[in-house]
Amino acid sequence: MDIAILRSSILFKNFDETEIPGLLKTLNAYEKKYQKDAVIFSSGETTDKLCFVTNGSVTIESNDIWGNRTILNLVSKGQFFAESYALLQNEPMFVDVYAAEDCSIVFLSLKSLSNLNDTIRARLLANLLTITTRKNLHLSSRSFHTAPRQVRRRIMAYLDTVSVQKNSHEFDIPFNRQQLADYLNVERSVLSAELGKMQKDGLIQCRKNHFKINTGNLPVY
């Protein structure tokens with residue numbers, strides 16, 4: 001288990017390094033490895049585990065009975081997932097979680113929070129609130145990316161968000177083409193065609209997951 005990356009996470013912010021091993025023990029922390037495309041959680045399951053990605057990445061997906069797939073989020077190394085379900089514990093999941101690539105996950109039992117003293121529990125819960133709030137902000141931003149009817153506007157909304165986050169007009173995105181199509185809720189062929197048109201129009205340059213926004217050619221709406 002990579003203790004160093006856990007120490008630098010939001011969960012253990014303002015905790016002394018000497019406190020963390022004891023916290024991990026109390027929370028029954030353990031690490032598990034998954035191969036690409038492996039199922040980590042399925043819709044309908046319940047869990048009391050807060051999950052932390054120590055290597056690789058996972059996708060949070062909505063998959064319906066007709067086979068339609070929507071990627072809600074991609075969780076990368078150093079990030080958490082399932083925090084809301086872990087706190088509620090008995091709430092069935094409405095999502096599926098898959099390994100987007102070979103990955104390692106640390107599971108921490110939030111059911112064990114009651115075993116901590118009041119002061120430490122309050123500090124940990126404050127950090128959990130930060131994690132949950134950030135995740136909610138991220139998920140709400142997706143609504144801005146998928147709200148436009150035009151595929152081009154969806155792409156531009158997403159790229160604009162990443163540009164702001166990276167503080168640059170040139171950046172890598174965490175998705176491959178299929179994942180980006182699933183995230184924006186469009187067909188891959190339609191997405192690829194629109195990206196080609198946007199390059200031809202001089203709006204962007206892109207190769208695989210690397211993008212550059214040509215700000216001088218952006219249209220005015």
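Scroll up for the structure.
The paragraphs below set out a description of the structure included in this document. This one's a predicted model, so the numbers in the text were calculated from it and none came from an experiment.

A short note on the packing of aromatic side chains
- Following the criterion strictly, the structure yields eight aromatic pairs and no others.
- Judged by centre distance (6.4 Å) and plane angle (80°), the rings of Phe-41 and Phe-107 are edge-to-face. Here Phe-107 lies in strand E8 (residues 103-109) and Phe-41 lies in strand E2 (residues 39-41), a separation of 66 residues in the sequence.
- Assessed through its relative accessible area of 6%, Phe-41 is described here as buried.
- Of the residues examined, Phe-107 reaches a relative accessible area of 3% and is grouped as buried.
- Counting every residue linked through ring pairs, the aromatic cluster contains Tyr-30, Phe-41, Phe-81 and Phe-107.
- Above the face of the Phe-15 ring, Arg-123 is positioned so that its terminal group lies 4.1 Å from the ring centre.
- Between Arg-142 and the ring centre of Tyr-183, over which it is positioned, the NZ or CZ distance is 5.3 Å.

Observations regarding the sheet that holds strand E6 (residues 80-81)
- The strand order across the open sheet built from four strands is E1-E8-E3-E6, with neighbouring strands paired in antiparallel fashion. Looking at strand neighbours, the two that pair on one side only are strand E1 (30-34) and E6, the edges of this open sheet.
- Summarising the sheet, strand E3 (residues 49-55) and E6 pair through two bridges and their orientation is antiparallel. Considered in E6, the bridge of Phe-52 is made with Phe-80.

Describing helix H7 (residues 188-200)
- Given a rise of 1.5 Å per residue, 13 residues ought to cover 18 Å, and the 18 Å separating the end C-alpha atoms of H7 matches this to within 8%.
- Buried residues of H7: Leu-191, Glu-194, Leu-195 and Met-198, and no others. Buried residues along H7 cover an arc of 105° about the axis, so they all sit on one side. Exposed residues lying more than 90 degrees from the buried face of H7 are Ser-189 and Lys-200.
- Its buried side turned inward, H7 meets helix H5 (151-166), helix H6 (177-184), strand E10 (204-207) and strand E11 (210-213).
- Gly-202 sits one or two positions beyond H7 and adopts a positive phi of about 80°.

A word on the pattern of salt bridges
- As enumerated under the stated definition, the model contains ten salt bridges in all.
- We note a salt bridge from Glu-19 to Arg-123, for which the minimum N-O separation is 3.2 Å. Linking Glu-19 in the loop between helix H1 (3-7) and helix H2 (20-26) with Arg-123 in helix H4 (residues 118-146), this pair joins segments that are 104 residues apart in sequence.
- Residue Arg-123 is classed as partly exposed on the basis of its relative accessible area of 28%.
- Look at the salt bridges and you will find they share partners, linking Asp-48, Lys-49 and Lys-111 into a network.

Points about unusual backbone geometry
- Backbone geometry places Asn-14, a non-glycine residue, at a positive phi of 70°.
- When its relative accessible area of 63% is taken as the criterion, Asn-14 is described as exposed.
- Of note in this structure, Asn-167 is not a glycine but carries a positive phi near 55°.
- One can find Asn-167 in the loop between H5 and strand E9 (170-172).
- Note on Asn-167: relative accessible area 71%, which makes it exposed.

A word on the side chain of Glu-61
- Relative to the helices and strands, Glu-61 resides in strand E4 (residues 57-63).
- Of the polar contacts made by the side chain of Glu-61, one reaches the side chain of Thr-59; its length is 2.7 Å.
- Separated by 3.3 Å, the side chains of Glu-61 and Asn-63 make a polar contact.
- Among residues more than four places away in sequence, those in contact with Glu-61 are Arg-69, Thr-70, Ile-71, Leu-72, Val-95, Asp-96 and Tyr-98.

Quick look at the side chain of Thr-70
- Note on placement: Thr-70 falls in strand E5 (residues 69-76).
- Thr-70 sits in the buried class, given a relative accessible area of 16%.

With respect to the packing of H4 against H6
- The interhelical angle for the contact between H4 and H6, taken along N-to-C directions, is 90°, at an axis separation of 9 Å. Taken together, the axes of H4 and H6 lie roughly perpendicular to each other. When H4 is examined against H6, the residues Arg-142, His-145 and Thr-146 are found in contact with a partner set consisting of Asp-182, Tyr-183 and Leu-184.
- A per-class count over the contact of H4 with H6 returns two nonpolar, two polar and two charged.

Here is what the cut-offs are and how they apply
- Residues numbered from 1 in each chain as written.
- Predicted model: local features only at pLDDT ≥ 70, side-chain atom pairs only at ≥ 80, totals over all residues.
- Heavy atoms only, no water.
- Phe/Tyr/Trp six-rings, centres within 6.5 Å; stacked < 30°, edge-to-face > 60°.
- Helix = DSSP H or I, 4+ residues; strand = E, 2+ residues; numbered from the N terminus.
- Buried < 20%, exposed > 50% of the residue type's maximum accessible area, 1.4 Å probe, protein only.
- Lys NZ or Arg CZ within 6 Å of the ring centre and 35° of its normal.
- Pairing = 2+ DSSP bridges.
- Expected span 1.5 Å × (residues − 1).
- Arc of directions from axis to C-beta.
- Contact = heavy atoms within 4.5 Å.
- Salt bridge = Lys/Arg side-chain N within 4 Å of Asp/Glu carboxyl O.
- Polar contact = N/O pair within 3.5 Å; in protein donor to acceptor, adjacent residues only side chain to side chain.
- Axes fitted to C-alpha atoms, helices over the stretch in contact; angles between N-to-C directions.
- Parallel < 35°, antiparallel > 145°, perpendicular 65-115°, else oblique.
- Nonpolar A, V, L, I, M, F, W, Y, C, P; charged D, E, K, R; others polar.

Function-wise, these values are silent; they only describe arrangement.
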